[in-house]
Amino acid sequence: VAQQYMLKYGATTDDFALVAYKNHQNAYLNPKARFYKKEVTLKQIKQSPIVASPLRLFDCSISCNGAAALILSKDESSVEVVGSAEENDYLSTFERDEMTSFWVTKEASKIAYKEAGITPADIDIAEIHDAFTPLELISYEDLGFCGPGEGTKLIRENVTQINGKLPINTSGGLNAKGHPISATGISQIYELVKQMRNEAGERQIEKPEYGLALNIGGVGSAATVHILKNLNF
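Notes on the structure in this doc start here. Predicted, not measured: the structure shown is a model, and the values here were computed from it.

1. A look at the packing of helix H1 (residues 2-9) against helix H5 (residues 133-142)
Where H1 contacts H5, the axes come no closer than 10 Å and their chain directions differ by 55 degrees. In terms of orientation, H1 lies oblique with respect to H5. The interaxial crossing formed by H1 with H5 has left-handed handedness. Residues Ala2, Tyr5 and Tyr9 of H1 lie in contact with H5, whose contacting residues are Pro134, Leu137, Ile138 and Glu141.

This is the structure we're talking about:
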């Protein structure tokens, strides 16, 4: 998928490195992240060993132990789930019509946006599935934050930085917070809620109204999208 994305849109390994660097900068500020207070430089990322071309070590999420929990209730709360959807597709990317875009993400987000009564432009913060750095760029596009092939533009122009117009993976993402598989999806919700309640500490952004969480299974064979609304906005 990474190779095809590079061939089709002119993305480079430097673009992937910028994604990893952003997420490690965020994880540095997150006490619950695997890389908390562990500085990783852009040079380290670019010079790390190749795992599977074109992906280097820091392009891959770190496996770790972890747990996450949440409470769903009808009681009044400052945060509400206003949109939710899941879609499934063929397991193998070779069986799909398109390798550089995930239909499941596009369709699940379309349903969730409709349920919430909003558009991608209304999202203020997102936690998305960056198991490998190219997936973050592809998700920018599939979620409607930019057009096809324009994910590189967002990362190059710092749009998705913690102080950018659309902060993405303020937790550090799977890449630097860690990817404990089953706990990953709920941990994304946890981060959004902490941000909406102004409890994110050093990584706190300007209080968001709408947050989106995207969790992907396999290489785009399944996707779940949740949209949260801050009722105290």
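Let's pick the thread back up.
2. What about unusual backbone geometry?
A cis amide bond, omega 10 degrees, links Ser53 with the succeeding residue Pro54. The backbone of Asn169 shows a phi angle near 60 degrees, a positive value even though the residue is not glycine. When you line up the elements, Asn169 lands in the loop between helix H6 (151-156) and helix H7 (173-176). According to the relative accessible area criterion, Asn169 is buried, its value standing at 0%. One non-glycine residue with positive phi stands out, namely Ile181, at about 55 degrees. If you trace the backbone, Ile181 turns up in the loop between H7 and helix H8 (184-196).

3. Here's the deal with the side chain of Asn30
As for its placement among the helices and strands, Asn30 is situated in the loop between helix H2 (13-27) and helix H3 (42-47). Assessed through its relative accessible area of 4%, Asn30 is described here as buried. Within the structure, the side chain of Asn30 is placed 3.0 Å from the backbone oxygen of Ser171, a separation counted as a polar contact. Residues contacting Asn30, with those up to four places away along its chain left out, are Tyr36, Ser171, Lys177, Glu191 and Arg203.

4. Quick look at the pairing of strand E6 (residues 222-230)
Two elements, strand E3 (residues 79-88) and E6, share nine bridges in a ladder whose sense is antiparallel. Bridging across to E6, Val81 finds its partner in Leu228. Of the pairings in the sheet, the one linking strand E5 (residues 210-217) to E6 comprises eight bridges and is antiparallel in character. Within E6, the residue paired with Asn215 across the bridge is Thr224.

5. A look at the nonpolar core
Counting residues in each nonpolar core, the largest one holds 38 residues, and the members touching the most others are Ile123, Phe145, Leu212 and Ile227. Listed by contribution, the elements that provide at least two residues to this core are H1, H2, E3, helix H4 (103-116), H5, H6, E5 and E6. In terms of residue count, the dominant contributor to this core is H4 (five residues). In contact with Phe145, other than residues within four places in its own chain, are Tyr113, Pro120, Ile123, Ala126, Tyr140, Leu154, Leu166 and Ile168.

6. Overview of H5
Burial of H5 is extensive: ten of the ten residues sit out of reach of the surface. For H5, the set of buried residues is Thr133, Pro134, Leu135, Glu136, Leu137, Ile138, Ser139, Tyr140, Glu141 and Asp142. Positive phi shows up at Gly144, right after H5, with a value of about 90 degrees.

7. Notes on the environment of Asn215
If you trace the backbone, Asn215 turns up in strand E5. Residue Asn215 is classed as partly exposed on the basis of its relative accessible area of 23%. Look past the residues within four positions of Asn215 in its chain and what remains in contact with it is His129, Thr184, Gly185, Gln188, Ala222, Ala223 and Thr224. A polar contact is formed between the side chain of Asn215 and the side chain of His129, at a distance of 2.9 Å.

About the criteria used
Residues numbered from 1 in each chain as written. Predicted model: local features only at pLDDT ≥ 70, side-chain atom pairs only at ≥ 80, totals over all residues. Heavy atoms only, no water. Axes fitted to C-alpha atoms, helices over the stretch in contact; angles between N-to-C directions. Helix = DSSP H or I, 4+ residues; strand = E, 2+ residues; numbered from the N terminus. Parallel < 35°, antiparallel > 145°, perpendicular 65-115°, else oblique. Left-handed = near helix turned anticlockwise from the far one by under 90°. Contact = heavy atoms within 4.5 Å. Buried < 20%, exposed > 50% of the residue type's maximum accessible area, 1.4 Å probe, protein only. Polar contact = N/O pair within 3.5 Å; in protein donor to acceptor, adjacent residues only side chain to side chain. Pairing = 2+ DSSP bridges. Core = buried A, V, L, I, M, F, W, Y, C linked by side-chain atoms within 4.5 Å.

Honestly, that's just the spatial picture; any functional story needs more than this.
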